[in-house]
Amino acid sequence: MSDQNRLGVFKTYKLYVGGKFPRSESGRVYEVTDSKGQWLANAPQSSRKDARDAVVAARKAFGGWSGATAYNRGQVLYRVAEMLEGRKEQFVREVAASEGLSKSKAAAAVDAAIDRWVWYAGWTDKIGQISGGANPVAGPFFNLSTPEPTGVVAVLAPQKSSFLGLVSVIAPVIATGNTAVVVASADAPLPALSLGEVLATSDVPGGVVNILSGATAEIAAPLAAHQDVNAIDLTGADAALAKELEIAAADNLKRVLRPQPVDADSASDSEDWSASPGTHRLTAFLETKTVWHPTGALGAAGSSY
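Please read all numbers here as calculations on a predicted model, not as lab measurements.

Novice: Teacher, can you tell me more about the sheet that holds strand β4 (residues 141-149) here?
Specialist: The strands making up a sheet are joined through hydrogen bonds of the backbone, oriented either antiparallel or parallel. Read across the open sheet, the three strands follow the order β3-β4-β10; overall the sheet is antiparallel. Bordering the open sheet on either side are β3 (133-134) and β10 (286-294), each of which pairs with just one other strand.

Novice: Whenever I open this one, the sheet that holds strand β7 (residues 209-212) confuses me. Can you help?
Specialist: Read across the sheet, five strands follow the order β7-β6-β5-β8-β9 without closing on themselves; strand pairing throughout is parallel. Bordering the open sheet on either side are β7 and β9 (255-257), each of which pairs with just one other strand. Here the strands of the sheet are splayed against their neighbours by 15° on average, with no regard to which way each runs.

Novice: Even after reading the chapter, I still don't get the nonpolar core, so can you show me in this structure?
Specialist: Nonpolar side chains in soluble globular proteins tend to end up buried together. Within the largest apolar cluster, 58 residues are counted, with the highest numbers of intra-cluster contacts made by Leu84, Trp117, Phe163, Val182, Leu195 and Leu199. With residues near it in sequence (within four places) discarded, Leu199 still touches Tyr16, Val80, Trp117, Val204, Val209 and Ile211.

Novice: Whenever I open this one, the side chain of Arg116 confuses me. Can you help?
Specialist: Among the structural elements, Arg116 can be located in helix α4 (residues 103-123). For the buried Arg116, no salt bridge exists, and the shortest N-O distance to an oppositely charged side chain is 7.1 Å, to Glu271. Reaching out from Arg116, the side chain makes a polar contact with the side chain of Ser168 at a distance of 3.0 Å. Apart from residues no more than four positions distant in its own chain, Arg116 is found in contact with Leu164, Val167, Ser168, Trp273, Ser274, Ala275 and Pro277.

Novice: What should I look at first to understand helix α2 (residues 70-86) in this one?
Specialist: Over its 17 residues, α2 runs 25 Å from end to end, which matches the ideal 24 Å to within 8%, given 1.5 Å per residue. Looking only at α2, the buried set comprises Arg73, Gly74, Val76, Leu77, Val80, Ala81 and Leu84. Projected down its long axis, α2 carries its buried residues within an arc of 160°, all on one side. Away from the buried face of α2 by more than 90 degrees, exposed residues Tyr71 and Gly86 are located. The inward-facing, buried residues of α2 abut α1 (48-67), α3 (88-99), α4, α6 (164-175) and α7 (190-200).

Cut-offs used in this document
- Residues numbered from 1 in each chain as written.
- Predicted model: local features only at pLDDT ≥ 70, side-chain atom pairs only at ≥ 80, totals over all residues.
- Heavy atoms only, no water.
- Pairing = 2+ DSSP bridges.
- Helix = DSSP H or I, 4+ residues; strand = E, 2+ residues; numbered from the N terminus.
- Axes fitted to C-alpha atoms, helices over the stretch in contact; angles between N-to-C directions.
- Core = buried A, V, L, I, M, F, W, Y, C linked by side-chain atoms within 4.5 Å.
- Buried < 20%, exposed > 50% of the residue type's maximum accessible area, 1.4 Å probe, protein only.
- Contact = heavy atoms within 4.5 Å.
- Lys, Arg positive; Asp, Glu negative; His and termini not counted.
- Salt bridge = Lys/Arg side-chain N within 4 Å of Asp/Glu carboxyl O.
- Polar contact = N/O pair within 3.5 Å; in protein donor to acceptor, adjacent residues only side chain to side chain.
- Expected span 1.5 Å × (residues − 1).
- Arc of directions from axis to C-beta.

Laid out in structure tokens, this is it:
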């Protein structure tokens, strides 16, 4: 059969919550267009109920994910990179359309995003060595500090960098054992929703990453006020929204990551996502647990070790 006689098969984009692909609870969708205003797809418009469902899924997954060995988490993140490599052409098309980039620039962004998964995969079993250790104390004690994940992290993805920026804020959160509820770029959500399909086939347990699309402010407000969300990354919020969310987050003492400087007139994409990511996002959502243990005494003279 010739291509002229085939009906077009349009992709249905769905949310990614708890390892499944639900439509928005409200049934709403909104049009996603390219940089020239041409229609690309209908994306689900998440509701407050979707946000709450995502938090429930993230909390349920937290125990198993945070309890996995760091080495195992690294293997899982590397598997994500493997799966993305096999679907590179799809993501190049989506990034090019979403961000108005040439095919070559979109390909470079996708390559960088895949490499970023590999970068963070390598850090999973090393971050503890630079953010923890033995502390010198005056007394016969061992004093050891070790990093532990904060818990459920709400992540507002960058508005302009729909894929490289997205990966740059998701990967460090889950690399350190947290679980994430991600609010995709409002205008360019398609690469994020497609990433959910990759995560579902990459050994990432359901609920570790949950991806929502829609109006950022509408979804972020209930997440910032949610008592079972432990931290929030405000990368994708403009200055006015970030201030409101910080006030809501203070109610249960959430950790808040707010990149500086923030453009008062637009969503913050001031960060250079192509630069080396460093470790600051790995340590942003870690708590430090310090344990004291007596060393005991040895020998008649009372010497200790």
